[in-house]
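# Coordinates in review
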Amino acid sequence: MAPIAVGDVVPDGTISFFDENDQLQTVSVYSLAAGKKVILFGVPGAFTPTCSMKHVPGFIEKADELKSKGVDEIICFSVNDPFVMKAWGKTYPENKHVKFVADGSGEYTHLLGLELDLKDKGLGVRSRRFALLLDNLKVTVANVETGGEFTVSSAEDILKAL
């Protein structure tokens, strides 16, 4: 399956997260992104070094600036269960705008064509590192990393594209 690309409409699928009332929600991607400008950024795994120390902090630090440029939602996405994503999100007490969502079985990652086989590292099949900018479900920016790199999917890269 070809990876999602600029000009594509993202597929619909379900993701899970804990809401502000600590209730588990399983919703369609379309319900979160339709009619909005959304950043969906994916990471290979919660609590992993590059994801935890570089990728996520960049989006948290730049959230106000991203929002000032018209971004409605900033969503951190990973092939982890929602309980892990909730716990990971709580490690960033300064976070006010990044929503941590789970693709527990990797089904949505598969629909995006962004799977990364990390079985040799004991992690199974995960998501490639990426940052998509969606405008009413249409991909306007698709910054997808190769392997474990972190060179094109940062908050700064998205800001440059806005």
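See the structure printed just above.
In short, a report on the structure. Since we're looking at a predicted model, the values are computed, not measured.

As a further point, take the pattern of salt bridges. A side chain with one charge may pair with a side chain of the opposite charge, provided their charged atoms come close. Applying the stated criterion to the full structure yields six salt bridges. Between Lys160 and Asp157 there is a salt bridge, and its shortest N-O distance comes to 4.0 Å. Pair noted here: Lys160 and Asp157 are both in helix α6 (residues 155-161), with a separation of three residues, about one helical turn. On the basis of relative accessibility, which here comes to 69%, the residue Lys160 falls in the exposed class.

The subject of this paragraph is helix α4 (residues 82-89). Turning to α4, its buried residues are Pro82, Met85, Trp88 and Gly89. Taken around the axis of α4, the buried residues stretch over an arc of 120°, which confines them to a single face. Contacts from the buried residues of α4 go to β1 (14-18), β2 (24-28), β3 (37-43), α2 (49-61), β4 (73-78) and β5 (98-102). Near the N-terminus of α4, the side chain that reaches the backbone nitrogen of Phe83, with its oxygen 2.8 Å away, is that of Asp81.

Procedures and definitions
Residues numbered from 1 in each chain as written. Predicted model: local features only at pLDDT ≥ 70, side-chain atom pairs only at ≥ 80, totals over all residues. Heavy atoms only, no water. Salt bridge = Lys/Arg side-chain N within 4 Å of Asp/Glu carboxyl O. Helix = DSSP H or I, 4+ residues; strand = E, 2+ residues; numbered from the N terminus. Buried < 20%, exposed > 50% of the residue type's maximum accessible area, 1.4 Å probe, protein only. Arc of directions from axis to C-beta. Contact = heavy atoms within 4.5 Å. Polar contact = N/O pair within 3.5 Å; in protein donor to acceptor, adjacent residues only side chain to side chain.

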